[in-house]
Amino acid sequence: MTTTPAEALRQFRAAARAALDIHDPDKTPEANARARRDALTRAREVLAAQIPAAVEPTGPSRAEILDAHRPVTADALAVSAREWEKVRALLDAGRRLDQIIAGASPARLGAILDNLEIMPEVLVSSEGDQIAAEFEGLIFDRLASLGDDAATARLAAEGKVAAPNAWSRVMTEALAGEVTTGAYSALYLADPEACREAQASEIPGLGDAIRRSDREQERSGPVADAA
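Residues numbered from 1 in each chain as written. Predicted model: local features only at pLDDT ≥ 70, side-chain atom pairs only at ≥ 80, totals over all residues. Heavy atoms only, no water.

## As for the overall build of the protein chain
Working step 1: Helices and strands together make up the secondary structure of the protein chain, namely 12 helices and 0 strands.
Working step 2: For the protein chain, the sequential pattern of α-helices and β-strands runs α-α-α-α-α-α-α-α-α-α-α-α.
Working step 3: Expected size for 227 residues packed as a compact globule is a radius of gyration near 17 Å; at 25 Å, the protein chain overshoots this value by more than 25%.
Working step 4: Seen along its three principal axes, the alpha-carbon backbone of the protein chain occupies a region of about 80 × 45 × 30 Å.
Working step 5: Taken across its 227 residues, the protein chain has 34% of its residues classed as buried.
Working step 6: Counted over contacts in the protein chain with a minimum sequence separation of 6, partners at least 24 positions apart contribute 70%.
Working step 7: Of the roughly 13,100 Å² that the protein chain leaves accessible, carbon and sulfur atoms contribute 54%.
Working step 8: Once the 26 positive and 37 negative side-chain charges of the protein chain are each reduced to a mean point, those two points are 3 Å apart. (Helix = DSSP H or I, 4+ residues; strand = E, 2+ residues; numbered from the N terminus. Rg over C-alpha atoms; globule rule 2.2 N^0.38 Å. Buried < 20%, exposed > 50% of the residue type's maximum accessible area, 1.4 Å probe, protein only. Contact = heavy atoms within 4.5 Å. Areas by Shrake-Rupley, 256 points an atom, 1.4 Å probe, with all protein chains shown as cover. Lys, Arg positive; Asp, Glu negative; His and termini not counted. Charge placed at Lys NZ, Arg CZ, Asp CG, Glu CD.)

Below, the structure written as structure tokens:
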């Protein structure tokens, strides 16, 4: 019977918890440490073998699609300049950029893209690249909502690989400890029920215990084969 990703994750968590709880009073601390390490390694190997490979969606990337909407010709640049003046006026009047993007035309979106990197909030922030990327994401979503062929095709391509890619991230993070909120969010967007299954198999304190075990092994080096 084929094991689902959710079941593989549940089995790993149970095996990892059991591995880290190993303690034989008849053995030395070194021997018990080695047993815990070996059992955790086996549990990780079993899960790693079942992690779906991440797949890149087919077709042009989001960046390539956005680049195609940046003004290039003289006419497009002239239109972009006029649209950017309107955007600046709206911003000065108190409108937020995300609100402007939500109702923008393709021409206005192109103007925003062309000027995004020189906006004050992007220039002065230490996280300027992240801020720009967030706005680019909003612009892409607006293009898709307007029926842009390339954007809608990209969303469809992303949808086809969303679940396996999300599972790949969740299961890979589980190997090292706790699964991040970002990974769970990606899985929820792809498959809400699968996300609930993944979260339901969490074992309190396991992520911290795995990381602590890894740190202890790094500090102590290879554990001796003590009986």
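## Digging into helix H8 (residues 128-145)
Working step 1: With 18 residues, H8 should reach 26 Å at 1.5 Å per residue; the first-to-last C-alpha distance of 26 Å fits that figure.
Working step 2: Within H8 the residues assigned to the buried category are Gly-128, Ala-132, Phe-135, Ile-139, Phe-140, Arg-142, Leu-143 and Ala-144.
Working step 3: Where H8 is buried, its residues contact helix H3 (62-67), helix H5 (97-102), helix H6 (106-115), helix H7 (120-123) and helix H9 (149-176).
Working step 4: Looking one or two residues beyond H8, the residue adopting positive phi is Gly-147, at roughly 90 degrees. (Expected span 1.5 Å × (residues − 1).)

## Topic: the nonpolar core
One recurring pattern in soluble globular proteins is that nonpolar side chains are buried together.
Working step 1: Counting 28 residues, the largest nonpolar core has Phe-12, Leu-47, Trp-167, Val-170 and Leu-187 as the members making the most contacts within it.
Working step 2: Those elements giving two or more residues to this core turn out to be helix H1 (5-20), helix H2 (29-48), H9, helix H10 (181-190), helix H11 (192-200) and helix H12 (206-220).
Working step 3: Per element, the largest residue contribution to this core is 7 residues, and it comes from H1.
Working step 4: Among all residues touching Val-170, those that are not within four sequence positions of it are Leu-9, Val-179, Ala-183, Tyr-184 and Leu-187.
Working step 5: Counting residues in hydrophobic clusters, the runner-up holds 23 residues, among them Val-87, Ala-104, Phe-140 and Ala-151. (Core = buried A, V, L, I, M, F, W, Y, C linked by side-chain atoms within 4.5 Å.)

## Details of the packing of H8 against H9
Working step 1: It is the contact of H8 with H9, at a shortest axis distance of 7 Å, that shows an interaxial angle of 105 degrees. Looking at the two axes, H8 sits roughly perpendicular to H9. Along the contact surface, H8 presents Phe-140, Leu-143 and Ala-144, while H9 presents Ala-151, Thr-152, Arg-154 and Leu-155.
Working step 2: For the contact of H8 with H9, the class distribution of residues is 5 nonpolar, 1 polar and 1 charged. (Axes fitted to C-alpha atoms, helices over the stretch in contact; angles between N-to-C directions. Parallel < 35°, antiparallel > 145°, perpendicular 65-115°, else oblique. Nonpolar A, V, L, I, M, F, W, Y, C, P; charged D, E, K, R; others polar.)

## With respect to the pattern of salt bridges
Working step 1: Tallied over the entire structure, the rule returns 17 salt bridges.
Working step 2: The partner of Arg-154 in a salt bridge is Glu-56, with the nearest N and O atoms 3.2 Å apart. In this pair, Arg-154 is assigned in helix H9 and Glu-56 in the loop between H2 and H3, connecting sequence segments 98 residues apart.
Working step 3: Judged by relative accessible area, which is 7%, Arg-154 ranks as buried.
Working step 4: Glu-56 sits in the exposed class, given a relative accessible area of 57%.
Working step 5: Here Arg-211 ties to Glu-178 by a salt bridge, and the two come within 4.0 Å at their closest N and O atoms. (Salt bridge = Lys/Arg side-chain N within 4 Å of Asp/Glu carboxyl O.)

## Concerning a nonpolar patch on the surface
Working step 1: On the surface, a nonpolar cluster with roughly 330 Å² of combined accessible area is contributed by Ile-118, Leu-123 and Val-124.
Working step 2: The topology assignment puts Val-124 in the loop between H7 and H8. (Patch = residues over 30% accessible without salt bridge, like charges linked within 9 Å, V, L, I, M, F, W, Y side chains within 5 Å.)

## What about the layout of surface pockets?
Working step 1: As a volume, the largest pocket reaches approximately 300 Å³.
Working step 2: Elements supplying a minimum of two residues to the lining of the largest pocket: H1, H2 and H12.
Working step 3: Residue contributions to the lining of the largest pocket peak at 6 residues, all from H12.
Working step 4: Lining the second largest pocket, in full, are Val-55, Pro-57, Glu-158, Val-161, Ala-162, Asn-165, Ala-166, Arg-169, Ala-186, Leu-189 and Ala-190.
Working step 5: Mapped onto the lining of the second largest pocket, the elements with two or more residues apiece are H9 and H10. (1 Å grid on protein atoms, 1.4 Å probe; cavity = no way out; pocket = protein on both sides within 12 Å on 5 of 7 lines; lining within 4 Å. Points joined across faces, edges and corners; volume = space filled by probe spheres on them.)

## Points about the environment of Arg-13
Working step 1: For Arg-13, the position within the fold is in helix H1.
Working step 2: The exposure class of Arg-13 is buried, given its relative accessible area of 5%.
Working step 3: Note: C-alpha distance between Arg-13 and Arg-44 (31 residues apart in sequence) is 9.5 Å.
Working step 4: In this structure Arg-13 touches Val-179, Tyr-184, Ala-198, Ser-201, Glu-202, Ile-203 and Leu-206, once residues within four positions along its chain are discounted.
Working step 5: At 2.6 Å, the side chain of Arg-13 and the backbone oxygen of Ala-198 are in polar contact. (Polar contact = N/O pair within 3.5 Å; in protein donor to acceptor, adjacent residues only side chain to side chain.)

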